[in-house]
Amino acid sequence: MKPLVWLGLALVVAWAVLWLGIKMAVFAVHALLLIGVALIGWGLLHRGHADSNPS
C-alpha cells in the first residue's frame, strides 16, 4: 500500500487506542472517587457505633 494509506491507518488505530484508554481512565477515576466516598461514609457510620458500644 501507499505510505499515506499506512500513515492514515496508523493514525486511526492510534486514535482508537487513545480514545479507549481515556475512557478507561475516566471510569477508573470515577470508580476510585465513588469507592473513597463509600469508605468514608462506612467509616463514619461505624465510628458512631464503635463510640456507643465499646468492646
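On a predicted model such as this, the values are computed, not experimentally measured, just so you know.

Chemist: I tried to follow the packing of aromatic side chains on my own but got confused; where do I start?
Modeler: Aromatic ring pairs are reported here in terms of the distance separating the ring centres and the angle at which the planes meet. Applying the stated criterion across every chain yields a total of one aromatic pair. Relative to Trp 19, the ring of Trp 15 lies with its centre 6.1 Å away and its plane at 20°, an arrangement referred to as stacked. Placement of both Trp 15 and Trp 19 in helix α1 (residues 3-52) is noted, with a separation of four residues, approximately one turn of the helix. Take Trp 19: its relative accessible area is 45%, and that puts it in the partly exposed class.

Chemist: Please clarify how a nonpolar patch on the surface should be interpreted in this entry.
Modeler: A cluster of nonpolar side chains, Met 1, Val 5, Trp 6 and Leu 9, forms an exposed patch at the surface whose accessible area comes to about 440 Å². Mapping Leu 9 onto the fold places it in helix α1.

Conventions we followed
- Residues numbered from 1 in each chain as written.
- Predicted model: local features only at pLDDT ≥ 70, side-chain atom pairs only at ≥ 80, totals over all residues.
- Heavy atoms only, no water.
- Phe/Tyr/Trp six-rings, centres within 6.5 Å; stacked < 30°, edge-to-face > 60°.
- Helix = DSSP H or I, 4+ residues; strand = E, 2+ residues; numbered from the N terminus.
- Buried < 20%, exposed > 50% of the residue type's maximum accessible area, 1.4 Å probe, protein only.
- Patch = residues over 30% accessible without salt bridge, like charges linked within 9 Å, V, L, I, M, F, W, Y side chains within 5 Å.
- Areas by Shrake-Rupley, 256 points an atom, 1.4 Å probe, with all protein chains shown as cover.
- Salt bridge = Lys/Arg side-chain N within 4 Å of Asp/Glu carboxyl O.

These figures capture arrangement, not role.
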